[in-house]
Every structure is written in structure tokens, then in C-alpha cells.
Amino acid sequence: MKKGLFIVFEGPEGAGKTTVIKDIESVFKNTNIEYIFTREPGGISISEQIRKIILNKENTEMDGRTEALLYAAARRQHLVEKVIPSLEAGKVVICDRFIFSSLAYQGYARGLGMEQVMNINNFAIEEYMPDLTLLFDLDPRVGLRRIHSNDEREINRLDLESIEFHEKVVEAYHILANKYNESTIIIDASKSLEEVKDQVINSIMSFLEKKGYI
């Protein structure tokens with residue numbers, strides 16, 4: 001059986017990851033590729049419950065380390081219950097966020113240290129890292145404007161952080177893209193939705209072709 005592939009979408013708030021994932025699913029339906037779409041934190045019942053705690057706007061007292069540990073716990077359960085079984089079954093797993101988010105948000109923007117947050121997550125993920133990361137690159141001010149102009153988008157606790165916080169998130173993503181350059185493709189998320197979708201579809205299909213999936 002062919003080994004599954006783990007593809008992750010990353011990026012700051014309002015970059016359009018979730019919208020694009022919903023839109024490109026139709027492309028996968030027209031292929032013979034076995035796939036699943038999922039998200040972090042969440043994807044399965046226990047992790048969705050943890051998500052509600054993390055993103056609840058009322059939880060303003062949450063300590064940065066608590067936040068990092070909750071993300072790692074949600075990630076672990078999601079991996080063992082959904083991601084790993086799907087990869088072992090030979091499926092392509094496309095996930096909205098993974099470990100880069102923890103390194104960028106808690107490690108860098110919260111000031112906990114990316115190495116320290118990586119250590120927490122190494123315990124949670126063992127050897128599982130994305131085969132491909134698509135990083136949606138966007139000015140955080142543009143992303144936040146998109147969020148606040150979208151009446152259908154729920155505003156969560158992280159959306160309410162300062163612009164300085166979100167600028168650090170983007171800075172961290174650039175550091176990570178440079179460090180993991182062999183497995184990371186930068187998507188220009190400032191373009192129109194159709195242009196972003198084209199970038200994403202072309203990147204994924206080229207990667208799958210290279211790996212012998214199509």
C-alpha cells in the first residue's frame with residue numbers, strides 16, 4: 001500500500017486558508033485520490049472540545065504555557081484518532097494548521113520560545129511532520145480587516161490580540177518557511193480568492209504528481 005501524504009495549510013488570521021480548503025475539495029472529488037480534510041485544533045470530538053476552551057473569548061486569564069499545552073494535547077488526540085490512521089490507510093490528509101501554528105503563536109508571538117514549544121510538541125507528535133506545508137503569506141492588518149468585515153466569521157480570542165502580536169506571528173512564519181524551505185511553499189494570500197486557489201491547486205497537484213499519486 002502506498003504511504004499517505006500529510007499536507008498542511010498554515011498562515012495568520014484572515015489569510016483565507018479555511019475558505020480555500022472548502023473550495024478545493026471539489027477538485028479532489030474529481031480524482032481517484034483518497035483524501036480527508038481536517039483541522040486543528042479540532043477534527044475529532046475531544047480536540048474540538050479543547051478548541052472551544054482555547055478560543056473562548058472569556059478565557060482571558062489563560063497562561064501562555066497552558067495555551068501551548070492545550071494545543072499540544074488537542075494535536076496528539078487528533079493525530080492518533082484521525083491523522084495517523086488515515087496516513088496508514090494511504091490517504092492524503094489535508095489539515096488546516098499544525099505545528100507551525102504553535103511555534104508561531106505560542107513560541108514566538110507569546111514569547112515562550114520556539115525551541116521550548118517544539119519540545120512540548122515533539123512529545124505529542126513523535127515523528128509525524130507534514131510532507132508539505134502551504135504557508136499563506138499575508139500582511140496581518142489585511143487579515144484582521146477581512147475578519148472584522150466578514151459577518152459570518154466568528155471572532156475568537158486570538159483574533160482580539162494586538163496588531164503587534166499578529167505581526168510577530170507573520171515574522172515567525174517567515175522564519176519557519178526559511179528553516180523548513182524544502183517542504184514549504186509560500187502562497188501569496190493577498191491575491192484574489194481565485195488566484196489563491198489556483199496557486200494552492202497547482203502546488204498540491206505538482207506535489208502529488210512528484211510523489212506518484214497522479
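Calculation rules
- Residues numbered from 1 in each chain as written.
- Predicted model: local features only at pLDDT ≥ 70, side-chain atom pairs only at ≥ 80, totals over all residues.
- Heavy atoms only, no water.
- UniProt positions renumbered as here; feature names shortened; annotations may be inferred.
- Helix = DSSP H or I, 4+ residues; strand = E, 2+ residues; numbered from the N terminus.
- Contact = heavy atoms within 4.5 Å.
- Buried < 20%, exposed > 50% of the residue type's maximum accessible area, 1.4 Å probe, protein only.
- Pairing = 2+ DSSP bridges.
- Axes fitted to C-alpha atoms, helices over the stretch in contact; angles between N-to-C directions.
- Salt bridge = Lys/Arg side-chain N within 4 Å of Asp/Glu carboxyl O.

The protein appears in an unreviewed UniProt entry as Thymidylate kinase from Clostridium manihotivorum. Of the comments in the UniProt record for the protein, the one headed Sequence similarities (unreviewed entry) reads "Belongs to the thymidylate kinase family."

A. Region of interest: the UniProt feature "binding site: ATP" (unreviewed entry) in the protein. Using the residue numbers shown here, the UniProt feature "binding site: ATP" (unreviewed entry) corresponds to G11, P12, E13, G14, A15, G16, K17 and T18. By the secondary structure assignment, G14 is in the loop between strand 1 (5-10) and helix 1 (17-29). Excluding residues that lie within four positions of it along the chain, G14 makes contacts with L138, G143, R146, I147 and R153. On the basis of relative accessibility, which here comes to 7%, the residue K17 falls in the buried class. When near neighbours in sequence (up to four residues on either side) are disregarded, K17 contacts F9, E10, G11, D96, R97 and F136.

B. Up close: the sheet that holds strand 2 (residues 35-39). Across the sheet, which stays open at both edges, the five strands sit in the order 2-3-1-4-5 with parallel pairing between neighbours. A strand with exactly one partner marks an edge of an open sheet, and here the two such strands are strand 2 and strand 5 (184-188). On average, adjacent strands in this sheet sit at an angle of 20° to one another, irrespective of strand direction. Taken strand by strand, helix 7 (residues 163-179) contacts strand 1, strand 4 (132-137) and strand 5, and its axis lies near 145° from that of strand 4.

C. Summary view of the pattern of salt bridges. One pass over the structure, following the stated rule, counts 12 salt bridges. One salt bridge connects R97 with E10, and the closest N-O pair in it is separated by 3.8 Å. With R97 in the loop between strand 3 (92-96) and helix 4 (99-109) and E10 in strand 1, this residue pair connects regions lying 87 residues apart in the sequence. The shortest N-O distance in the salt bridge between E48 and R39 comes to 2.8 Å. Take E48: its relative accessible area is 22%, and that puts it in the partly exposed class. Linked by salt bridges that have partners in common, E67, R110, R157 and E161 make up one network.

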